[in-house]
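Chain by chain, the residues:
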Amino acid sequence: MPHDGHDHDHDHTEPPSDIELRVKSLESLLVEKGLVNPATLDALVDRYEHHVGPQNGRKVVARAWTDPEYRQWLQDDASAAIGDFGFKGRQGEHMVCVENGPKVHNLVVCTLCSCYPWTVLGLPPVWYKSAPYRSRAVADPRGVLAEFGTVLDGDVDVRVWDSTSEMRYLVIPERPAGTDGWTAEQLEQLITRNSMIGVEQAKTPEELKGAAE
Amino acid sequence: MNSGHDLGGMHGLGPINPEPQDEEPVFHADWERKAFSLTLATALLGRWNIDMGRHSRERQHPARYLLNTYYENWLTGTEVLLKESGLVTTEEMATGKPQGPAPNSIHVPSPDEALNAVKAGGPADIDAPVQAQYAVGDAVRVKNFHPQGHTRAPRYTRGRVGVIQRLHGIHVFPDTHVPGVTEGYPLYSVRFEGDELWGPDGDAKSAVYADLWEPYLEPA
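Residues numbered from 1 in each chain as written. Chains lettered and ligands numbered in written order. Predicted model: local features only at pLDDT ≥ 70, side-chain atom pairs only at ≥ 80, totals over all residues.

Novice: Just to check I follow, could you spell out the sheet that holds strand E5 (residues 217-219) of chain B for this structure?
Specialist: Two orientations exist for strands paired in a sheet by backbone hydrogen bonds: parallel and antiparallel. Sheet architecture is open: 7 strands sit in the order E2(A)-E3(A)-E4(B)-E3(B)-E2(B)-E1(B)-E5(B), paired in mixed fashion. The strands lining the two open edges of the sheet, one partner per strand, are strand E2 (104-109) of chain A together with E5 of chain B. On average, each strand axis in the sheet is inclined to that of its neighbour by 35 degrees, with strand direction left out of account. Bridge count for strand E3 (residues 184-193) of chain B against strand E4 (residues 206-213) of chain B is 7 bridges, and the pairing is antiparallel. Bridging from a neighbouring strand, Leu187(B) pairs with Trp213(B) of E4(B). (Pairing = 2+ DSSP bridges. Helix = DSSP H or I, 4+ residues; strand = E, 2+ residues; numbered from the N terminus. Axes fitted to C-alpha atoms, helices over the stretch in contact; angles between N-to-C directions.)

Novice: Got a minute to help me understand the nonpolar core in this structure?
Specialist: A general trend in soluble globular proteins is that nonpolar side chains are found buried together. Counting residues in hydrophobic clusters, the biggest one holds 104 residues, and the most contacted among them are Val160(A), Leu170(A) and Leu212(B). A per-element tally of this core places helix H1 (residues 30-43) of chain B first, with 7 residues. Contacts of Leu170(A), omitting those with residues within four sequence positions, involve Gly57(A), Val60(A), Met95(A), Cys97(A), Pro117(A), Val120(A) and Met196(A). (Core = buried A, V, L, I, M, F, W, Y, C linked by C-beta atoms within 7 Å. Buried ≥ 20, exposed ≤ 12 C-beta atoms within 10 Å, placed from the backbone. Contact = placed C-beta atoms within 7 Å.)

Novice: Quick question: what am I supposed to make of the pairing of strand E2 (residues 161-172) of chain B here?
Specialist: The side chains of a regular strand alternate between both faces of the sheet. All names here are of chain B. With 3 bridges connecting them, strand E1 (residues 139-142) and E2 associate as antiparallel partners. Of the residues in E2, the one forming a bridge with arginine 141 is valine 161. Sheet analysis places E2 next to E3, joined by 8 bridges and oriented antiparallel. Residue pairing in the sheet places valine 172 in a bridge with glycine 184 of E3.

Novice: What's the story with the interface of chain B and chain A in this structure? I'm lost.
Specialist: Interface size is commonly expressed as the accessible surface area that is lost when the partners come together. Taken residue by residue, the interface counts 78 residues in chain B and 75 residues in chain A. When residues of the side of chain B that touches chain A are traced back to their parent elements, those giving at least two are H1, helix H4 (70-84), helix H6 (111-120), E2 and E4 of chain B. The dominant element in the side of chain B that touches chain A, judged by the number of residues it contributes, is H1(B), at 11 residues. With 5 bridges joining them, strand E3 (residues 157-162) of chain A and E4(B) adopt parallel strand pairing. Considered in E4(B), the bridge of Val160(A) is made with Val208(B).

Here it is in structure tokens:
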């Protein structure tokens, strides 16, 4: 179910599917019954579609890369350190930051549902919520990483964080070589959502340049 | 409960096929926006907690859980909770037509109230005079237990030995939170080596860290 059941080529004039009708029916029932305010639905969608996302996590990681005291604060009390940016709330109440290094690589999953740090990464991508990822990340993490094109040396300790509680995990990827003297704003361009889940490394300056061309 | 949601270690589910991250939309269809926001907005009515929400999705037939898309599972859980809480009758759900108004005791959040609620979040740690039984470095075994109800001890950890890495604090215990009891137990991060979990089929240079409440654990 890589695309959440959505056919990208479908014709928008076709009749609504069963699921569309079911959702519409529930929405109109709850609105008519006075259990839901339609403007509240719009406000919630707007927040998570447009205002909360990986752009938040990028700021946290770039500051960790450039400010040793902040990096330490993230280790000591990640919820407070992330809260310093105002990134607080649902699905981010209890944060832990895990740092990648030359011999350590971290990967986050939720095998039981889809727990994900909304405050810093927004809502999870389809693959993160999918059965293939949730089943294999814990049992075959190197195989999963390879599916994202990430190949690690054999002696790297791969640490998989299964989000079984209300603790939420943010990976601090390794700062790429060749970025000495870069500002936090410049570094943010190298920090991808996938690198903060741990399925990829941060982009290198060469990859960034290649993507711009 | 041992059902279709407890996926760690399962085989045969196919490739991950991630969409390119720069191209993936937050929602893939308008009904997903509605399923997401209806689930969140009804949760803010305060008639059920987050663990009841998870449990409502897990209680489906495992084949259905696995074949459904993500937001279909959310919608199913929301429908179940609306009926079980008495906010909506089975007939109303079937016809889509209200038979009466919402109870007077219900407060329906305005957009600002809802946004303030999600921005504030709902911390799961509680003040409780509970002494943690284990210390960092202690070896523990996850109990061999198979409750019919909700639990957050994944099946692949049960019976396995790990080492306590840190104490997160005293957190609400999901297993009893579903039947409506709010009680706290120490929550630990426990590291399990890959070969302890998966034997010769595992990767000895990988480890899984799971967050586990004290009642799941016994000394090893």
